[in-house]
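A structural walkthrough
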Amino acid sequence: MKLKVYIQEAYDELVHKVTWPTWKELQSSALVVMIASFIISLVIFLMDLSFRNIMDFVYGLFY
């Protein structure tokens with residue numbers, strides 16, 4: 001019984017109370033997410049590359 005009420009209330013909220021973004025807003029948000037993901041992945045790549053070069057230098061001092 002409680003499950004039925006929960007589903008009805010969830011449906012009512014999604015249909016009548018939620019403000020869904022327009023197609024243009026959705027596209028601009030997706031573009032922001034893609035650019036941010038690219039920048040973060042680039043930063044992680046550069047950190048990894050730098051760390052590898054530093055460790056190669058340190059190991060080269062001992063071997």
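Residues numbered from 1 in each chain as written. Predicted model: local features only at pLDDT ≥ 70, side-chain atom pairs only at ≥ 80, totals over all residues. Heavy atoms only, no water.

Attention now moves to the overall build of the protein chain. From N to C terminus, the protein chain includes 2 helices and 0 strands. For 63 residues, the compact-globule estimate of 2.2 N^0.38 gives 11 Å, and the protein chain exceeds it by more than 25% at 25 Å. Each principal axis of the C-alpha distribution contributes one length, and for the protein chain these read about 70 × 35 × 10 Å. Taken over 63 residues, the protein chain has a buried fraction of 0%. In the structure as shown, the protein chain presents an accessible area of about 6400 Å², 72% of it carried by carbon and sulfur atoms. The centroid of the 5 positive side-chain charges in the protein chain is displaced by 8 Å from the centroid of its 6 negative side-chain charges. (Helix = DSSP H or I, 4+ residues; strand = E, 2+ residues; numbered from the N terminus. Rg over C-alpha atoms; globule rule 2.2 N^0.38 Å. Buried < 20%, exposed > 50% of the residue type's maximum accessible area, 1.4 Å probe, protein only. Areas by Shrake-Rupley, 256 points an atom, 1.4 Å probe, with all protein chains shown as cover. Lys, Arg positive; Asp, Glu negative; His and termini not counted. Charge placed at Lys NZ, Arg CZ, Asp CG, Glu CD.)

Further remarks concern helix α1 (residues 2–17). If you check α1, its first and last C-alpha atoms are 21 Å apart, about what 16 residues at 1.5 Å a residue would give, namely 22 Å. A small share of α1 lies buried, amounting to 0 of its 16 residues. (Expected span 1.5 Å × (residues − 1).)

In this section: the environment of S50. Structurally, the position occupied by S50 is in helix α2 (residues 23–62). For S50, the side chain forms a polar contact with the main-chain oxygen of L46, separated by 2.8 Å. (Polar contact = N/O pair within 3.5 Å; in protein donor to acceptor, adjacent residues only side chain to side chain.)

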